[in-house]
Amino acid sequence: MKWTMFMMKVESNKEVLLYNTYNRAVVILDKLEYNNINDLIHGKKVKEVQSNKSEVKSQIEKLREMKFIMEDETNEKEEYLKELKEFYENDDFLALLVLPTTACNFDCTYCYQKGIPLHVVNRNIIASIMSRIEELLEDNKEIKMTKIDFFGGEPLLNWNFIEDFTKEFSSLMRKRTIDYFLKLTTNGYLLDLNKINFLLKYNLQQIQITMDGLPEVHDKRRMLKGTHKGTFDRIFNNLKGLLDLKDARDLLILLRINFDYQNVDHIPDFLDFIKRELGVDNIEISFGQVTSPINFNYEYMIPFDEVPEHYIKLYKVRLGFTLSDTFTFGSLCFAKRKFSYVVAPNGDIYKCVSSVGVDRMKEGNIYKNPLYKIRDYLFVDLYDECFKEKCPFIPICHTGCRFVSFIRYGDIKKRDCHREEMKRINSEILKIQYLDGY
Ligand code: SF4
Ligand code: SF4
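Rules behind the numbers
- Residues numbered from 1 in each chain as written.
- Chains lettered and ligands numbered in written order.
- Predicted model: local features only at pLDDT ≥ 70, side-chain atom pairs only at ≥ 80, totals over all residues.
- Heavy atoms only, no water.
- Helix = DSSP H or I, 4+ residues; strand = E, 2+ residues; numbered from the N terminus.
- Rg over C-alpha atoms; globule rule 2.2 N^0.38 Å.
- Buried < 20%, exposed > 50% of the residue type's maximum accessible area, 1.4 Å probe, protein only.
- Areas by Shrake-Rupley, 256 points an atom, 1.4 Å probe, with all protein chains shown as cover.
- Lys, Arg positive; Asp, Glu negative; His and termini not counted.
- Charge placed at Lys NZ, Arg CZ, Asp CG, Glu CD.
- Near = heavy atom within 4 Å.
- 1 Å grid on protein atoms, 1.4 Å probe; cavity = no way out; pocket = protein on both sides within 12 Å on 5 of 7 lines; lining within 4 Å.
- Sits in = over half its atoms within 2 Å of the grid points.
- Nonpolar A, V, L, I, M, F, W, Y, C, P; charged D, E, K, R; others polar.
- Salt bridge = Lys/Arg side-chain N within 4 Å of Asp/Glu carboxyl O.
- Contact = heavy atoms within 4.5 Å.
- Pairing = 2+ DSSP bridges.
- Axes fitted to C-alpha atoms, helices over the stretch in contact; angles between N-to-C directions.
- Phe/Tyr/Trp six-rings, centres within 6.5 Å; stacked < 30°, edge-to-face > 60°.
- Lys NZ or Arg CZ within 6 Å of the ring centre and 35° of its normal.
- Points joined across faces, edges and corners; volume = space filled by probe spheres on them.

Undergrad: Whenever I open this one, the overall build of the chain confuses me. Can you help?
TA: Secondary structure assignment for the chain yields 14 helices and 14 strands. Radius of gyration (C-alpha) of the chain: 24 Å, near the 22 Å computed for a compact globule of 438 residues. Referenced to the eigenvectors of the C-alpha coordinate spread, the extents of the chain come out at roughly 75 × 50 × 45 Å. Looking at the 438 residues of the chain, the share that counts as buried comes to 54%. Accessible area of the chain: about 20300 Å², with a carbon and sulfur share of 46%. The chain carries 64 positive and 66 negative side-chain charges, and their two centres are separated by 2 Å.

Undergrad: I keep staring at the site of ligand 2 and nothing clicks. Help me out?
TA: Surrounding ligand 2, one finds C386, E389, C391, I394, C397, T399, R415, C417 and R419. Of all the cavities here, the one that holds ligand 2 is the largest cavity. Within the shell around ligand 2, the residues separate by chemical class into five nonpolar, one polar and three charged.

Undergrad: Help me out: how do you make sense of the side chain of E421 in this one?
TA: Tracing the backbone shows E421 in helix α14 (residues 419-434). The buried charged residue E421 lacks any salt bridge, with R424 as its nearest oppositely charged partner at 6.0 Å. Ignoring sequence-local partners within four residues, the contact set of E421 consists of F304, D305, P308 and F329.

Undergrad: Help me understand the sheet that holds strand β4 (residues 26-30), please; the structure alone is not making it clear to me.
TA: Hydrogen bonds along the backbone pair up the strands of a sheet, which may run parallel or antiparallel. Judged by pairing direction, the sheet is antiparallel, and its three strands sit side by side in the order β2-β3-β4 without closing on themselves. Both outer strands of the open sheet, β2 (7-11) and β4, are each paired with one neighbouring strand and no more. For this sheet, the mean angle separating the axes of adjacent strands, direction not counted, is 20°. Bridge count for β2 against strand β3 (residues 15-20) is five bridges, and the pairing is antiparallel. Opposite V10, over in β3, you have L17 as the bridge partner. The strands touched by α14 are β2, β3 and β4; relative to β2, the strand with the most contacts, the crossing angle is about 60°.

Undergrad: So what exactly am I meant to see when it comes to the packing of aromatic side chains here?
TA: For any pair of aromatic rings, the description consists of the separation of the ring centres together with the inter-plane angle of the planes. Evaluated as defined, the whole model comprises 24 aromatic pairs. When the centroid spacing of 5.7 Å and the interplanar angle of 75° are considered together, the rings of F106 and Y189 count as edge-to-face. Placement of F106 in the loop between β6 (93-98) and α4 (125-139) and of Y189 in the loop between β8 (179-186) and α6 (193-201) is noted, with a sequence separation of 83 residues between them. Chaining the aromatic ring pairs together yields one cluster made of F287, F304, Y311, Y315, F327 and F329. The side chain of K195 reaches across the aromatic face of W159, ending 6.0 Å from its centre. Between the NZ or CZ atom of R234 and the centre of the ring of Y189, over which it lies, the distance is 4.1 Å.

Undergrad: What is the right way to look at empty space enclosed by the protein in this model?
TA: Over the atoms, a rolled probe matching the size of one water molecule traces out where space is still vacant. The tally for this structure, following the rule as stated, stands at two cavities of 30 Å³ or more. Taken as a whole, the largest cavity holds about 110 Å³ of empty space. What lines the largest cavity is a set of 13 residues, among which C386, C391, C397, C417 and R419 lie closest to the centre. Put simply, the parts of the chain that give the lining of the largest cavity at least two residues each are α12 (394-397) and α14.

The following block contains the structure:
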């Protein structure tokens, strides 16, 4: 028998914590227990094992059930890749990220869309998108669920489009008896109750709003275009209004905080404020590292190798907010799913939203190309190197981020590996969450 390769191990003085990145199972053993099991696994004679033999055997059985331990002959690579391919092939989820505009009412200092040509969507794009969706559904009867994510630019600048698109999309889904839900990703400035109530009627399930700190920090980064006035107060009031809305109780409200050198040390005060004013129960926080946009060098960007120390500090002060229990730079993200597409206002199709406006990452155009012809972004061959290196993070990293590969190597088909950073961050997260004294 052997340990799974998808295992992280972290230790405190007395305990050993094992985390399975494949199924997220966690087990905490005292050191002696762990050493006994490890000895047995490595073929040491049972008489050398100091503790009760039957106890160790029953622990091993438990660890086997939790997939921490397996037979020597198990080929984890083969099994994992087979499952991954099956998951990909049988995917029944269509996700469409629609940009009603690339224009924005903000002038954020770090915006990746700076310099991208401004386009507002042309109305006849709705008919084209609907017919592309129909075509795709016709060919892929396995699709059972669809999601529309309105993204930008600032999507609420083109509210009429959102209304018309949502009505058309909803009637198409009803006609085909397919379930759907909506997500809105917005800077929050134009988010009023009329808009929310409209979207709720069409099964809005998630809203993501970005705030980068208290007013003195946020307003230096996320200001209004033209006047450069601060935006904190208005966004905060809109967020408060949203939380007070009875019908929005089941809505998942994601508060995105983008961090870099300029604001990272101020985030704890901001979290404290949000906790005091809005509570921790109805908001999920996510931290996003600001990466240098393709078209300019951003002076406050934190280099990848310094991200762990900052992220760990943020994790420690999360103050009761829900945060993901693993950290990754890549994941089986939107772009790597089979039926996922980003449609820009001019009809250009991408797989990844960060690449909008980057010509070499454009994969087609809605007026010319059917969605089923858009190339895949899950490159199974790339996993070979990760398996060769016996990386435990494969199930949460999936060879990294395609967009960052493009930035780093000019090629999306390269691994974007941050193994060392992931090891540092995830080990600390596990210690903080599960081990005494952290
Ligand atoms: S490729 Fe990278 S930037 Fe694009 S969706 Fe995936 S993780 Fe995000
Ligand atoms: S890219 Fe690096 S961190 Fe990610 S799975 Fe491969 S080896 Fe691991």
